[in-house]
Amino acid sequence: MFTSIKSKFVALIAIIMLVTSSAIMYFTHRDVGNAMLVAEQSSARNVLGLAQLHISASYDRIINEKVGLLGELKSEMRSTLFLVQSVVNSYAGLNNRNEGDQEVILDSLINWIRSMAIDKKYLFIADSQGNVLAANNPIIEGGSLGQIKDLKGLELSKVMRPSNLPIDGASSIFEWSSSEGEEKKNYLAFFLPVEGWSWTIGVLVNFDDIEVQSQQKMDEIIDDLSQSLQQIKVAASGFAFLFNGSKEVLIAPPDLPLLPDVNTGQLDWQQSPLLDRIIEGHKQSASFISYEGSFTGGREVQVFISYFKAFDWYLAVVVPVAEIAGPGRDLVGRQSLIIGSVFLLSLFAAFFLISKLVNPLSILTAHAKALPSRNFAKSPDIEDSIKGLATRYQDEVGRLAESFIFLEEEIRERIEQADQEKNVAEQANKAKSEFLATMSHEIRTPMNGVLGMTDLVLETDLNAHQRRFLHMIRSSSESLLQIINDILDFSKIEAGSLLLEKAAFNLNDIIQSQVNLFAPQAEQKGIGLFYYLPDHFRGAVQGDEVRVRQLLTNLISNALKFTSEGEVSIYLEVLEETDSKLTVKIIVSDTGVGISPEQRTRIFEPFVQADSSTTRNFGGTGLGLAICKQLIDMMDGSIGFSSYEGEGTTFWFTLSFDKGLHYQDRGPGQFISASNEPIVMPDVHGRLLLVEDNEVNQAYALQILSAAGSGLTVDVAADGMEALDKFKRHRYDLILMDCQMPKMDGYKATAAIRQMEKSLSPGAQPTPIVALTANAFKDDRERCFDAGMTNYLAKPYKKQALIAVLNEYLVKEETSSVVYLPPAKEHPSSLEEGVVPAETVDSYVLDPEIIAQLQQMDEDGLFLRRIITAFLMKSADNLSQIQSAFNDKDEDTLRMAAHTLKSSCYNLGATHLAELSQQVESLSGVNLDDVKALINPLEIELERVRKALSNLSESSVGSSGKS
């Protein structure tokens with residue numbers, strides 16, 4: 001209906017005028033009615049005020065007259081009683097002086113009292129209990145006044161007791177009937193004590209005649225007030241009336257019509273519910289009440305109330321609300337007619353004026369509707385109609401047209417700029433993805449070789465000491481890989497591409513391995529590292545082992561980092577356990593520096609540490625706890641902490657797992673990671689192509705594949721080009737394809753192989769191609785599958801993972817072989833086995849057990865001599881780098897050189913030199929002054945190690961010659 005601007009403007013003006021006129025009429029009606037009602041209410045209050053003044057003045061007059069009469073009566077009673085007191089005291093004096101017979105004196109006194117004739121007054125003598133001994137009226141003689149209570153609630157026995165009476169006496173007012181059956185009357189009594197006897201003399205006077213006079217005065221007041229109220233007019237039908245607390249109407253309303261056949265005079269006001277409402281309103285301290293009923297003719301009225309406590313009177317003034325509002329309604333009706341006429345005239349005028357204004361707006365509207373569909377990239381000219389509006393109109397229409405012109409030009413520029421920024425952003429995002437993928441591959445590829453070769457060495461003959469070192473190397477390598485992955489993990493978490501794995505593992509083993517991993521660091525710092533596991537807790541669960549290990553690594557590493565003395569403790573608590581689920585709480589507690597209150601709210605934010613000095617003193621990126629929080633959230637767990645600055649910190653997290661099999665409960669054919677336990681190796685046959693450019697990774701993979709049985713033939717290609725050449729000449733049952741290689745990468749090689757398969761053998765089953773890559777992102781998997789690869793194996797991969805690939809894609813023989821990892825051999829003591837005797841090894845400088853382990857790795861001693869030679873050449877460079885970096889204050893180079901020297905020393909058993917290197921590495925980022933004190937001992941110890949290794953190498957050559 002209102003589709004055009006003109007109609008909308010007219011509707012808007014109509015609505016405004018309608019709302020305005022309605023508001024005027026409403027407020028006029030309300031204000032006029034309220035003003036008239038307020039005036040009548042004020043009149044009612046004035047009536048109440050005048051009546052109250054009249055009643056108060058009359059009451060004061062009655063009270064004053066009554067008090068005056070009672071005062072005169074009391075004065076007369078006092079005078080009489082003082083005269084009687086003097087006579088009684090004379091009798092008491094005779095008695096006290098023994099001037100006669102006491103009984104005769106007492107009888108004379110009593111007879112005298114009885115003979116006293118006092119007009120309308122009772123004269124009596126009473127004992128201390130109020131019992132009347134004698135009186136001038138036999139009605140009260142022999143009776144008792146002691147139990148009577150006066151108007152104050154006091155018993156007369158207490159008031160008239162001689163010991164309580166003052167010298168000038170006391171008075172009391174009470175109600176009393178002189179004989180049984182007689183109505184109680186009002187009495188005024190006055191008492192005086194008797195000297196020498198414990199008696200009281202008193203006089204009683206009935207003052208009901210004074211009350212009668214007061215009541216007559218009140219009747220006169222009511223008559224006067226009735227005449228006044230009859231003349232009161234509140235609007236046409238308002239009225240006033242007076243009643244007491246017993247709902248007895250004292251002044252009835254005037255005879256006014258309430259209904260067509262009912263007047264106020266015809267109603268029984270004694271039974272009116274209005275009286276109850278008035279009394280209840282007064283009790284609630286209301287100045288008026290609203291009422292509607294038969295006693296008001298069914299009209300809504302307001303009843304204003306005034307209460308006179310002295311008389312227990314209620315004065316009510318009835319104000320008819322609806323009647324008062326009538327004139328206001330009439331006024332509003334007349335105004336409404338005027339406003340309606342003005343409204344119609346204004347509406348016609350508005351329609352005419354708007355018609356003149358909306359034409360340019362219609363042009364602008366049509367132009368605005370066309371803007372979304374306009375192709376600004378082609379830079380069309382601005383319409384002439386818009387330009388014309390901007391030229392002809394100098395008001396808001398012209399400025400709006402100019403705004404459209406400016407807007408179109410701005411939109412065109414912004415679109416061009418956005419296209420440019422979009423291209424730049426897409427290129428930057430592509431470069432970022434390629435950089436992360438390449439960095440992931442380049443870091444993970446050598447780590448795959450380190451971990452793989454460690455696994456292979458663990459399968460050789462080793463003693464317990466050697467095996468422990470190798471396990472520590474492997475754990476450290478895995479932890480190093482996880483630390484490197486922190487930044488990649490954080491990027492993946494932010495991108496939403498991090499996927500959680502689910503596999504069987506043991507919580508006990510993870511906690512123990514992490515404690516063992518950090519034990520040397522704790523020992524070096526001189527702090528305790530403990531863990532506590534519940535009794536009979538098996539710990540077999542299913543979940544993401546890598547992420548749980550990452551959580552423990554971060555928390556334990558932080559605890560050790562920020563603790564200089566005391567201990568670090570790891571606890572595991574079982575919160576809930578069912579047949580299929582296990583919920584645990586893992587706690588890492590330390591006695592370190594603690595966290596300040598200011599930093600506690602930000603501790604889980606990325607790149608946040610306790611303060612600016614934390615990085616200087618302890619190192620770190622501030623990502624560890626942020627990653628922990630995000631990983632735990634992904635696993636539907638919770639993490640929290642408590643900390644006291646200067647006392648320590650306790651971190652805890654809760655996780656729920658599906659239960660897994662215990663190690664002892666594992667079924668046949670499952671891999672077992674503990675040493676000296678059986679590993680089921682596949683016995684497969686077929687032809688396999690290994691495409692890998694890294695020699696270490698080649699050696700690792702070939703060593704695993706060599707144990708797969710004699711039926712497996714393995715070819716090796718160093719890049720994609722060589723792989724294509726071999727694929728043309730041979731048929732392969734499985735291809736293991738590295739992704740990042742020189743000349744041609746794995747993606748292009750796989751695409752080329754798939755293309756060759758389609759052209760040479762259309763419809764044939766494609767050759768399985770499993771990607772071997774260190775790239776960690778979800779996009780990398782999708783890229784592998786897009787290139788045509790069958791599956792994905794992430795580096796660094798374990799032996800079990802590669803064997804699983806063989807089991808899946810190669811045809812198995814009917815039997816499988818179980819390979820046992822042999823126990824470590826005893827140290828050979830014969831020179832015939834090519835081993836240098838222990839006495840030729842300087843045990844102060846080199847660890848004889850590690851040297852013996854190295855000698856056992858090959859029979860001719862070539863391997864030992866080769867690594868000694870490499871150490872002698874490399875250690876000199878390491879020392880030179882340490883000295884130069886210290887002089888240049890290059891902390892990163894200093895730390896890296898010390899780390900490299902430390903690793904080489906541990907491999908050759910130079911434990912003391914390794915510990916010195918470890919101290920240099922630890923202090924390089926903390927205090928270079930402390931490093932300075934270690935340089936000279938490091939040089940001396942290195943010279944000892946080099947000399948000992950040189951002697952060992954020469955002895956090894958001699959031993960080999962003898963064999």
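- By the naming in an unreviewed UniProt entry, the protein chain is histidine kinase, taken from Neptunomonas phycophila.
- Taken directly from UniProt, the Catalytic activity (unreviewed entry) text for the protein chain runs: "ATP + protein L-histidine = ADP + protein N-phospho-L-histidine."

### Notes on the overall build of the protein chain
Then, in step 1: On a plain count of helices and strands, the protein chain comes out with 24 helices and 27 strands.
Then, in step 2: For the protein chain, the proportion of its 963 residues judged to be buried stands at 43%.
Then, in step 3: Across the protein chain, the fraction of contacts at a sequence separation of at least 24, relative to all contacts at a separation of at least 6, is 66%.
Then, in step 4: Counting only carbon and sulfur atoms, one obtains 53% of the accessible surface of the protein chain, whose full area is about 50500 Å².

### Description of the packing of aromatic side chains
Then, in step 1: Tallying each qualifying case throughout the model produces 10 aromatic pairs.
Then, in step 2: The interplanar angle of 45° and the centroid separation of 4.6 Å between the aromatic rings of Y307 and Y314 together place this pair among those described as tilted.
Then, in step 3: Its relative accessible area of 24% is what places Y307 among the partly exposed residues.
Then, in step 4: Accessibility expressed as a relative area gives 5% for Y314, which makes it buried.
Then, in step 5: Directly above the aromatic system of W652 lies the positively charged group of K585, at a separation of 4.9 Å from the ring centroid.

### A closer look at helix 16 (residues 720-729)
Then, in step 1: Among all positions of helix 16, only G720, A723, L724, K726 and F727 are buried. For helix 16, the arc enclosing every buried residue in end-on projection is 165°, short of the 170-degree limit, so these residues lie on one face.
Then, in step 2: Of the surrounding secondary structure, the elements contacted by the buried residues of helix 16 are strand 21 (684-691), strand 22 (712-717), strand 23 (734-738) and helix 17 (746-760).
Then, in step 3: Of the residues flanking the start of helix 16, the one acting as N-cap is D719, its side-chain oxygen 3.0 Å from the backbone nitrogen of M721.

### Some words on unusual backbone geometry
Then, in step 1: If you check the backbone angles, S285 has positive phi at about 65° while not being a glycine.
Then, in step 2: Of note, the phi angle at D636 is positive, near 60°, even though the residue is not glycine.
Then, in step 3: In this structure, D636 sits in the loop between helix 14 (624-634) and strand 18 (638-644).

### Structural notes on a negative patch on the surface
Then, in step 1: On the surface, a cluster of negative charge is contributed by E65, D219, E220, D223 and D224.
Then, in step 2: By residue number, the principal contributor to the negative patch is helix 4 (residues 208-230), which donates four residues.
Then, in step 3: E220 gets classed as partly exposed once you look at its relative accessible area, which sits at 41%.

### What to know about the sheet that holds strand 10 (residues 288-292)
Then, in step 1: The strand order across the open sheet formed by five strands is 7-6-12-11-10, and the pairing between neighbours is antiparallel. Single-partner strands in this sheet number two, and they are strand 7 (249-251) and strand 10. With direction set aside, neighbouring strand axes in the sheet form an average angle of 35°.
Then, in step 2: Where strand 11 (residues 300-308) and strand 12 (residues 313-320) come together, eight bridges link them in antiparallel fashion. From the neighbouring strand, Y307 faces strand 12, where its bridge partner is Y314.
Then, in step 3: Along the sheet face, helix 5 (residues 273-283) touches strand 6 (239-244), strand 7, strand 10, strand 11 and strand 12 and points at about 155° away from the line of strand 10.

### Quick notes on the sheet that holds strand 1 (residues 121-126)
Then, in step 1: Taken in spatial order, the five strands of this open sheet run 2-1-5-4-3, and their pairing is antiparallel. Looking along the sheet, the strands with just one partner apiece sit at the ends: strand 2 (132-135) and strand 3 (170-176). Ignoring which end each strand starts from, the neighbouring axes of this sheet average 30° apart.
Then, in step 2: The sheet contact formed by strand 4 (residues 185-193) and strand 5 (residues 200-206) spans seven bridges and is antiparallel. Bridging from a neighbouring strand, F191 pairs with G202 of strand 5.

### Topic: the pairing of strand 15 (residues 540-543)
Then, in step 1: As paired elements, strand 13 (residues 503-506) and strand 15 share four bridges and run antiparallel to each other. When the sheet's bridge partners are listed, A503 is paired in strand 15 with G543.
Then, in step 2: Of the strand pairs in this sheet, strand 15 and strand 19 (residues 648-659) are connected by two bridges, and their pairing is antiparallel. Across the sheet, the residue bridging to Q542 is D658, located in strand 19.

### Concerning the confidence of the model for the protein chain
Then, in step 1: Of the residues in the protein chain, 75% reach a pLDDT of 70 or more, and the chain-wide mean stands at 76.
Then, in step 2: When the criterion is pLDDT under 50, residues 612-621 qualifies, and its contacts beyond four places in sequence or with other chains add up to 16 contacts.
Then, in step 3: Here residues 662-679 scores under 50 on pLDDT; set against residues more than four positions off or in separate chains, the count is 31 contacts.

### Quick word on the packing of helix 10 (residues 507-525) against helix 11 (residues 545-561)
Then, in step 1: Taken N-terminus to C-terminus, the directions of helix 10 and helix 11 make an angle of 25°; their axes are 10 Å apart at the nearest point. By the angle between their directions, the pair helix 10 and helix 11 is classed as roughly parallel. In this structure, the crossing between helix 10 and helix 11 has a hand that is right-handed. The segment helix 10 lies against helix 11, with L507, I510, I511, S513, Q514, F518, Q521, A522 and K525 engaging E545, V548, R549, L552, T553, I556, S557, L560 and K561.

### A short note on the pattern of salt bridges
Then, in step 1: Tallied over the full model, the rule gives 14 salt bridges.
Then, in step 2: For E141, the salt bridge goes to R114, with nearest N and O atoms at 2.4 Å. Note that E141 is positioned in the loop between strand 2 and helix 3 (156-159) and R114 in helix 2 (residues 102-115), a separation of 27 residues in sequence.
Then, in step 3: Accessibility expressed as a relative area gives 41% for R114, which makes it partly exposed.
Then, in step 4: Note that E545 is salt-bridged to R549, the shortest N-O span being 3.2 Å. One end of the pair is E545 and the other is R549, both in helix 11 and four residues apart, which spans about a single turn.
Then, in step 5: Through salt bridges that share partners, K502, K581 and D658 make up one connected network.

### Focus: helix 14
Then, in step 1: Taken together, the buried positions of helix 14 are G624, L625, A626, I627, C628, L631 and I632.
Then, in step 2: Note on helix 14: the residue one or two positions beyond its end, D636, has a positive phi of about 60°.

### Observations regarding the environment of D255
Then, in step 1: Inspection of the secondary structure puts D255 in the loop between strand 7 and strand 8 (257-259).
Then, in step 2: Residue classification places D255 among the exposed positions, given a relative accessible area of 56%.
Then, in step 3: Measuring from C-alpha to C-alpha, the distance between D255 and F239 comes to 9.4 Å, with 16 residues separating the pair along the chain.

### A closer look at the nonpolar core
Then, in step 1: Ranked by internal contacts, the top residues of the largest apolar core, which has 39 residues, are L507, I570 and F653.
Then, in step 2: For this core, the elements supplying multiple residues, two or more each, are helix 10, helix 11, strand 16 (567-577), strand 17 (581-590), helix 14 and strand 19.
Then, in step 3: Not counting residues within four places of it along the chain, the set of residues in contact with L507 comprises F537, G539, V541, V548, L572, V584 and F657.
Then, in step 4: Core analysis: the second largest hydrophobic core is formed by 31 residues, V845, I882, L942 and L952 among them.

### Concerning a nonpolar patch on the surface
Then, in step 1: On the surface, F530, Y532 and Y571 cluster together into a nonpolar patch covering about 270 Å² of accessible area.
Then, in step 2: By the secondary structure assignment, Y532 is in strand 14 (residues 528-532).
Then, in step 3: Classification of Y532 as partly exposed rests on a relative accessible area of 39%.

The rules we used
Residues numbered from 1 in each chain as written. Predicted model: local features only at pLDDT ≥ 70, side-chain atom pairs only at ≥ 80, totals over all residues. Heavy atoms only, no water. UniProt positions renumbered as here; feature names shortened; annotations may be inferred. Helix = DSSP H or I, 4+ residues; strand = E, 2+ residues; numbered from the N terminus. Buried < 20%, exposed > 50% of the residue type's maximum accessible area, 1.4 Å probe, protein only. Contact = heavy atoms within 4.5 Å. Areas by Shrake-Rupley, 256 points an atom, 1.4 Å probe, with all protein chains shown as cover. Phe/Tyr/Trp six-rings, centres within 6.5 Å; stacked < 30°, edge-to-face > 60°. Lys NZ or Arg CZ within 6 Å of the ring centre and 35° of its normal. Arc of directions from axis to C-beta. Polar contact = N/O pair within 3.5 Å; in protein donor to acceptor, adjacent residues only side chain to side chain. Patch = residues over 30% accessible without salt bridge, like charges linked within 9 Å, V, L, I, M, F, W, Y side chains within 5 Å. Salt bridge = Lys/Arg side-chain N within 4 Å of Asp/Glu carboxyl O. Lys, Arg positive; Asp, Glu negative; His and termini not counted. Charge placed at Lys NZ, Arg CZ, Asp CG, Glu CD. Pairing = 2+ DSSP bridges. Axes fitted to C-alpha atoms, helices over the stretch in contact; angles between N-to-C directions. pLDDT = per-residue confidence, 0-100. Parallel < 35°, antiparallel > 145°, perpendicular 65-115°, else oblique. Left-handed = near helix turned anticlockwise from the far one by under 90°. Core = buried A, V, L, I, M, F, W, Y, C linked by side-chain atoms within 4.5 Å.

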